[in-house]
Amino acid sequence: MRLSTLSRTTLAVVTGAILLVVYLPLLVVLVNSFSTSTSLTWPPPGFTLEWWVKAFESEGARQAVATSVLVACASTVVALLLGTLISFALQRFSFFGRETVSLLVILPIALPGIITGIALNNFFRTIAGVPLSIWTVIIAHATFCIVTVFNNVIARLRRMGTSLEEASADLGAGVWTTFRLVTFPQLRSALLAGGLLAFALSFDEIIVTTFTAGSGVTTLPIFILDNMFRPNQAPIVAVIAVVLVVVSVVPIYLAQRLSGSEQTRH
Amino acid sequence: MSVIPAIRVTGLTKQFGSTTAVDHVDLEIAAGEFFSMLGPSGSGKTTVLRLIAGFEQPTGGTVELFGQDVTGKAPFDRDVNTVFQDYALFPHMSVLDNVAYGLRVRGVPRTERRDRAMRALAAVRLDQFAGRKPSQLSGGQRQRVALARATVVEPKVLLLDEPLGALDLKLREQMQVELKQIQRDLGITFIFVTHDQEEALTMSDRIAVFHDGRIEQLGTPRDLYERPASRFVADFVGTSNLFDADLSESLIGRRGEHSIRPEKLTVSAEPPSGAQMRSASGSLVESIYVGSGIRQVIDLDAGPRVTVLERNDRSRIADQERGGRVHVSWHEDDVVALIPPGA
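These numbers come from a predicted model, not from an experiment.

Undergrad: Can you lay out unusual backbone geometry for me, pointing to particular residues and giving the numbers?
TA: Residue and element names in this part refer to chain B. Of note in the backbone geometry, His 24 takes a positive phi value of approximately 50° without being a glycine. Relative to the helices and strands, His 24 resides in strand β2 (residues 19–29). Although it is not a glycine, Tyr 87 adopts a positive phi angle of roughly 70°.

So this is what it looks like as structure tokens:
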């Protein structure tokens, strides 16, 4: 398609403007993390590494990172296990209510976090009688982390078909051997992509976390929220925000690279 | 048969929902035979193969392998191996690992399975490609890897599901010869599924022609070609000039449906003389030069359009003009009586 110079310029300007709106604030946060001003005045009066040092020395921040990593890892593991199992069930078997189950599995990612949060909060405390803790956060995160694993794995299973597994069985391999030597290696990159996305989702989640975390369970986003409006904490928050951005972007980038290279390979 | 057949299927039936893919098929395949299952897509031939391999469970009937009932057994408990239509090579393994796979899952020690896999690769002249991935091979090479992978475990029966379907014509013809050679060398039973009648005729000891989930005719290539039993077989295996009951009565002088192969007809300007020769007059519609022969299309005065295939023989080329009057003649022995469908 050929475009006139005018429309091309217009489109380029609009695209640039949108990207600017999205990424300029992030850049400001990054700059602010080196600012000498405690109230984040703009432009920064000077630059310092003080906040980075403070952030790394801060017990609360380190604790929050550890909590977030633990929650993200645990919910990713749960999502990988359950997401893979449900993918197999829905792709390889036909049974009554299959479509419904498929919809129910995907739904949590579309549900507003506040609904999931309130519902799980109610369920844990009043019906199940479980005190809120780090485990309730993990379970809550797993509900939507499953979706990313499920989407990746089921797409792979669909494309893979059953002929490789049939070939393996034909050559004398039992069900487990076939899974270990043929199916799993085929799924590996889909599991990695789904797992990385799940990790990133969980790592920066705040709404559901707010409703399901027990007292004393402070994930990184909650730590930021708590410290955001405290006097003189703003630059530390900026530092943590930068760390959070990096930790969330890397898995997304890797996941996209993985699914991208898969597509070109076929 | 006193000798135990390699494969015996009895009353084999497979339904998918409300459609019957395979409908009470009975079949015996002798050990060492090159047996083809021929038919158009959807005729049930591939389903029969998958039932023998164990990928599908029959709705009814049994599958026996050398006298042993294997109907309920999983694919990995059956001493048959398959060459798949899409080859189904494991993309994450090297060519060597693909071929050694069957030995690996049987617990054959590493060095031994390496040697045997290399020998199998050498047999299909691919030993120098052992370290490559399947994606780095051409279609014909992948096909031969699939063959090596299936034969290295020394199955009693090899199932081949349209293995040459994805290859171009030249390669296909070359592989037909190679497959036949490999089968003779290994001395194992081949069950070959194809929709290509020429392929089936060239390679097989016997052929079963499938139609609508049933075997329409079973016989040697010669039987099928010379004596097709039904209109379907006459039409599907090679080309045929078909005459319905009325035309047979008037033109051939016999009751029932009949067919004559195009190459059994001759075209001449004058009616032929000679015992047991019959002829009909008509006008030439088209004369097509096909290299090794000349195909002529003639509208008979009695109604039907017939195709005549004559050898490209200098003395034969009667440069008939389109619309010219000709006589089509045939020997009485070349007329084949067809069994009406459903009889």
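Text resumes after the structure shown.
Undergrad: Could you give me a rundown of the sheet that holds strand β11 (residues 241–243) of chain B, with the residues and numbers involved?
TA: All names here are of chain B. With antiparallel pairing, three strands are arranged side by side in an open sheet as β11-β12-β18. Either end of the sheet is taken by a strand with one partner, and the two such strands are β11 and β18 (336–337). In this structure, β11 lies alongside strand β12 (residues 258–260), joined through three bridges in antiparallel fashion. Paired with Phe 243 across the strands is His 258, a residue of β12. Packed on one face of the sheet, helix α9 (residues 245–252) meets β11 and β12 and runs near 100° to β11.

Undergrad: I'd love a proper account of the environment of Leu251(B), names of residues and values included.
TA: Residues and elements named next belong to chain B. With respect to the helices and strands, Leu 251 occurs in helix α9. As a C-alpha pair, Leu 251 and Ala 31 span 220 residues in sequence and 45 Å in three-dimensional space. Setting aside anything within four residues of it in sequence, one finds Leu 251 in contact with Phe 243, Arg 278, Ala 280, Leu 300, Ala 302, Pro 304 and Trp 330.

Undergrad: Residues and numbers for the interface of chain A and chain B, please.
TA: Between chain A and chain B, the contact holds 18 residues from the first and 23 residues from the second. Between chain A and chain B lies a buried interface of about 1700 Å² when both sides are counted; carbon and sulfur atoms form 62% of it. Between the two partners, chain A and chain B, sit one salt bridge. The closest approach of N and O atoms between Glu166(A) and Arg50(B), which form a salt bridge, is 2.6 Å. In this structure, the connection of chain A to chain B is made through nine residue pairs in polar contact (both at pLDDT 80 or more). Where the side of chain A that touches chain B is concerned, the elements lending two or more residues are α7 (163–170) and α8 (175–203) of chain A. Across the side of chain A that touches chain B, the residue classes tally to nine nonpolar, seven polar and two charged.

Undergrad: Would you mind going over the pairing of β2(B) in detail, with residue names and values included?
TA: Residue and element names in this part refer to chain B. With seven bridges connecting them, strand β1 (residues 7–16) and β2 associate as antiparallel partners. From the neighbouring strand, Phe 16 faces β2, where its bridge partner is Thr 19. The hairpin formed by β1 and β2 contains two residues between the paired strands, and Gly 17 there has a positive phi angle of roughly 60°.

Undergrad: Please give an account of the packing of aromatic side chains that cites residues and values.
TA: Scanning the entire structure with this criterion turns up 12 aromatic pairs over all chains. Plain terms: the ring middles of Phe34(A) and Trp52(A) are 5.6 Å apart, the flat faces sit at 20° to each other, and that makes the pair stacked. In this pair, Phe34(A) sits in the loop between α1 (5–32) and α2 (50–57) while Trp52(A) sits in helix α2, placing the two residues 18 residues apart along the sequence. Judged by its relative accessible area of 28%, Phe34(A) falls in the partly exposed class. Judged by centre distance (4.6 Å) and plane angle (55°), the rings of Phe90(B) and Tyr101(B) are tilted. With Phe90(B) in the loop between β6 (80–83) and α2 (95–105) and Tyr101(B) in helix α2, the pair connects residues that are 11 residues apart, well separated along the chain. For Phe90(B), a relative accessible area of 0% translates into the label buried. Using a relative accessible area of 0% as the deciding quantity, one classes Tyr101(B) as buried. Here the aromatic cluster, defined as three or more aromatic residues joined through ring pairs, consists of Phe88(A), Trp176(A), Phe179(A) and Phe184(A). Note that Arg149(B) overlies the ring of Phe90(B), its terminal NZ or CZ placed 4.7 Å from the centroid. For Arg261(B), the ring lying beneath its charged end belongs to Tyr225(B), and the centroid distance is 3.9 Å.

Undergrad: Requested: an account of the nonpolar core, with residues and values cited.
TA: Residues and elements named next belong to chain B. Counting residues in hydrophobic clusters, the biggest one holds 39 residues, and the most contacted among them are Ile 7, Met 37 and Ile 191. If we ignore the near neighbours within four places in the chain, the residues touching Ile 191 are Ile 7, Ile 29, Phe 35, Met 37, Leu 49, Ile 52, Val 157, Leu 158, Leu 159 and Leu 160. Listed in part, the 36 residues of the second largest apolar core include Val 108, Ala 117, Leu 158 and Ile 188.

Undergrad: A description of the environment of Val25(B) should follow, citing residues and the corresponding values.
TA: Residues and elements named next belong to chain B. Residue placement: Val 25 occurs in strand β2. Taking the relative accessible area as the measure of exposure, Val 25 reaches 2% and is therefore buried. Considering only alpha carbons, one finds Val 25 and Gly 213, 188 residues apart in sequence, at a separation of 7.8 Å. When near neighbours in sequence (up to four residues on either side) are disregarded, Val 25 contacts Val 9, Thr 10, Gly 11, Leu 12, Phe 210, Gly 213, Arg 214 and Ile 215.

Undergrad: Outline α8(A), supporting the account with residue identities and numerical values.
TA: Relative to the 42 Å expected for 29 residues at 1.5 Å per residue, α8(A) spans just 36 Å between its end C-alpha atoms, considerably shorter than the ideal helical length. Approximately 50° is the largest bend angle found in α8(A), and it occurs at Phe184(A), with the proline Pro185(A) only one to four residues beyond.

Undergrad: Pulling in residues and values, what's your account of the confidence of the model for chain B?
TA: Caution is warranted with low-pLDDT regions, since their predicted coordinates should not be read in detail. Residues with a pLDDT of 70 or more make up 96% of chain B, whose mean pLDDT is 87. For this predicted complex, the interface confidence score (ipTM) comes to 0.80, while the overall pTM stands at 0.77.

Undergrad: So what's going on with the side chain of Glu205(A)? Which residues, and what values?
TA: All names here are of chain A. Checked against the element boundaries, Glu 205 lands in the loop between α8 and α9 (207–212). For the buried Glu 205, no salt bridge is present, and the opposite-charge side chain at shortest range is Arg 125, 16 Å distant. A polar contact of 3.4 Å, which involves the side chain of Glu 205, links it to the backbone nitrogen of Ile 207. Beyond its immediate sequence surroundings of up to four residues, Glu 205 is in contact with His 141, Phe 144, Thr 219 and Pro 221.

Conventions we followed
Residues numbered from 1 in each chain as written. Chains lettered and ligands numbered in written order. Predicted model: local features only at pLDDT ≥ 70, side-chain atom pairs only at ≥ 80, totals over all residues. Heavy atoms only, no water. Helix = DSSP H or I, 4+ residues; strand = E, 2+ residues; numbered from the N terminus. Pairing = 2+ DSSP bridges. Contact = heavy atoms within 4.5 Å. Axes fitted to C-alpha atoms, helices over the stretch in contact; angles between N-to-C directions. Buried area = accessible area lost by both parts, 1.4 Å probe. Salt bridge = Lys/Arg side-chain N within 4 Å of Asp/Glu carboxyl O. Polar contact = N/O pair within 3.5 Å; in protein donor to acceptor, adjacent residues only side chain to side chain. Nonpolar A, V, L, I, M, F, W, Y, C, P; charged D, E, K, R; others polar. Phe/Tyr/Trp six-rings, centres within 6.5 Å; stacked < 30°, edge-to-face > 60°. Buried < 20%, exposed > 50% of the residue type's maximum accessible area, 1.4 Å probe, protein only. Lys NZ or Arg CZ within 6 Å of the ring centre and 35° of its normal. Core = buried A, V, L, I, M, F, W, Y, C linked by side-chain atoms within 4.5 Å. Expected span 1.5 Å × (residues − 1). Bend = angle between axes of the 7 residues up to and from the residue. pLDDT = per-residue confidence, 0-100. Lys, Arg positive; Asp, Glu negative; His and termini not counted.

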